[in-house]
Amino acid sequence: MTLEEQLENLEEETMEKISNTSDLDSLNNIRVKTLGKKGPITEVLRGMKDLAPEDRPKVGSFANQVRNHLTQQIEKKRAKLEEEALNQALAEESIDVTLPGKQIPQGTRHILTKIVEEIEDIFVGMGYQIIEGPEVEQDHYNFERMNIPKNHPARDMQDTFYISDELLIRTHTSPVQARTMEKHDFSKGPLRMISPGKVFRRDTDDATHSHQFHQIEGLVVDKHITMGDLKGTLEELMKKMFGEDREVRLRPSYFPFTEPSVEADVSCFKCGGKGCSVCKHSGWIEILGSGMVHPDVLEMSGIDPKEYSGFAFGLGPDRIAMLRYGVEDIRSFYLNDTRFIDQFKGE
Ligand code: DAH
C-alpha cells in the first residue's frame, strides 16, 4: 500500500468512527488517537523519509488535507453533539408556571414620616417655611429663651437628658422659635415657619409615654397678629387633616413662652361631636398647645413686642397618628416591627 492509500483508508475509517459516535468523550478519544502526536497520520508522515524527494511535497500536502478534513469533521460533530445535549436538558427541565412567585418585600415610609410630610404640605400651602433645629440643644435656647429660667418649675415637667450643664437633647421643638426669630429679617416679610423633629424626655415609657417622640412647632410673627389669626390657622389645619366639618375650640392654659396660652381641641372626627370612645364621650379631642408669643420671648430675640406680635403652637405627630389610626401604644412606632409598620403602606 502506498502512503496515499494508507491515508485514504485512515480517512475513511475515521469518518466512519466519527459518524458512529454519539457522545463527546468518545469523539474526543477519536481526535486524540487519530490526530495526536502518536497517531497514524504522524506515523505516515514519518514514513516520508523513505520516499523519493520529488514525491514528498505531494504526499505531505495530501496528509495535511486529510488532517484538516478530519479536524473539521470532528468539530462539526462536536457542535452537533453539544446542541443535542442542550436540547435534551431543556426538554427534561420543566417549569411549573402555576407555582406562586417569590415575593420581594417592599419597604414603605414610616407612618410618622408620612404624617409629618402631610402637615408640612398643609403649611407650605399657607406660605410657611420649614426650618429644622438641632437635636442637641443649648440650655439657653431650650429653656432660657423660652422663658423657663433655671429653677423654674416648668423645667421639672420636661426633665431631660443632659450632656453637660449647658447642653442637652432638646425637650421640645420650641427652641427653634428663638433660633428663627433672632435671625429673621422683617424687611423681607413676616415670619411664618414650622419646625418638625424629634424631642426627648426622661419619661418612663408606657402606652402613652415615650422618652423619644415628635413635635411640630409653629410660629408666626408680624405686625398685628392676633388670636383670630391663630384660631383661623388651626381651623384650616384641622379641616385639612380631619375633615371639612371639624371645628376648633380654645381653652385657657399655661405655657411659660406664650401669653395668653391655650389648649386647642378639635371636634371629634369619629363621632362628629356626639361622644364616642375616641373623644372619651366629650365630643372634643385635645390636639395641641398654643398661644400668643410672650412679649419677653419676642424681646429676648431682639423683636420689639410693642410693634410685633405672634402666635405659636406645638403639636404631636405621634398623638395624631394614634388618634387617626386607633394605635393604642405609642411604643409601637419605635419598635421596628414590620408587621405594625406595614399596616400603613397604603396611607
Ligand atoms: N413646647 C410645648 C411642649 O413641649 C408645646 C407647645 C405649647 C409649643 C404651646 C408651643 C406653644 O409653641 O405655643 O409641651
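Definitions and cut-offs
Residues numbered from 1 in each chain as written. Predicted model: local features only at pLDDT ≥ 70, side-chain atom pairs only at ≥ 80, totals over all residues. Heavy atoms only, no water. Near = heavy atom within 4 Å. Polar contact = N/O pair within 3.5 Å; in protein donor to acceptor, adjacent residues only side chain to side chain. Areas by Shrake-Rupley, 256 points an atom, 1.4 Å probe, with all protein chains shown as cover. Helix = DSSP H or I, 4+ residues; strand = E, 2+ residues; numbered from the N terminus. Nonpolar A, V, L, I, M, F, W, Y, C, P; charged D, E, K, R; others polar. Axes fitted to C-alpha atoms, helices over the stretch in contact; angles between N-to-C directions. Parallel < 35°, antiparallel > 145°, perpendicular 65-115°, else oblique. Left-handed = near helix turned anticlockwise from the far one by under 90°. Contact = heavy atoms within 4.5 Å. Salt bridge = Lys/Arg side-chain N within 4 Å of Asp/Glu carboxyl O. Buried < 20%, exposed > 50% of the residue type's maximum accessible area, 1.4 Å probe, protein only. Phe/Tyr/Trp six-rings, centres within 6.5 Å; stacked < 30°, edge-to-face > 60°. Lys NZ or Arg CZ within 6 Å of the ring centre and 35° of its normal.

## With respect to the site of the ligand
- Taken together, 16 residues surround the ligand, and among them H172, S174, R201, Q215 and E217 come closest.
- The contact in question runs from a nitrogen atom of the ligand to an N or O atom on the side chain of S174, over 2.9 Å.
- Compared with its free state, where it exposes 350 Å², the ligand has 91% of that area covered by protein.
- At the level of secondary structure, the elements contributing two or more residues to the shell around the ligand comprise β5 (212-222), β8 (284-293) and β9 (309-315).
- Along the lines of polarity and charge, the residues of the shell around the ligand split into four nonpolar, ten polar and two charged.

## A look at the packing of helix α1 (residues 3-20) against helix α2 (residues 24-35)
- Their axes nearest at 10 Å, the elements α1 and α2 cross at an angle of 165°. One element, α1, and the other, α2, form an angle in the roughly antiparallel class. You can see that α1 and α2 cross each other, and the crossing is right-handed. Residues L10, T14, K17 and I18 of α1 pack against L27, I30 and T34 of α2.

## What about the pattern of salt bridges?
- Evaluated as defined, the whole model comprises 23 salt bridges.
- Of the charged contacts, one joins K198 and E135 as a salt bridge, the two residues approaching to 3.8 Å between their closest N and O atoms. With K198 in strand β4 (residues 191-200) and E135 in the loop between β1 (129-130) and β2 (136-138), this pair connects stretches of sequence that are 63 residues apart.
- With a relative accessible area of 33%, E135 lands in the partly exposed category.
- Between K223 and E307 there is a salt bridge whose closest N-O contact spans 3.2 Å. Taken together, the residues K223 in the loop between β5 and α9 (227-242) and E307 in the loop between α10 (295-300) and β9 connect sequence positions 84 residues apart.
- We classify E307 as partly exposed; its relative accessible area is 41%.
- A single salt-bridge network, built from bridges that share partners, covers D139, E144, K150, R155 and E166.

## Comments concerning the packing of aromatic side chains
- Inspection of the entire model under this criterion finds ten aromatic pairs.
- Aromatic pair F242 and F269: ring centres 4.9 Å apart, planes at 15°, arrangement stacked. In this pair, F242 is assigned in helix α9 and F269 in the loop between β7 (258-267) and β8, connecting sequence segments 27 residues apart.
- Exposure remark for F242: the relative accessible area of 9% places this residue in the buried category.
- With a relative accessible area of 22%, F269 lands in the partly exposed category.
- A network of ring pairs unites the aromatic residues Y325, F333, Y334, F340 and F344 as a single cluster.
- In this arrangement the basic side chain of R179 is found over the ring face of Y141, its NZ or CZ atom lying 4.1 Å from the centre.

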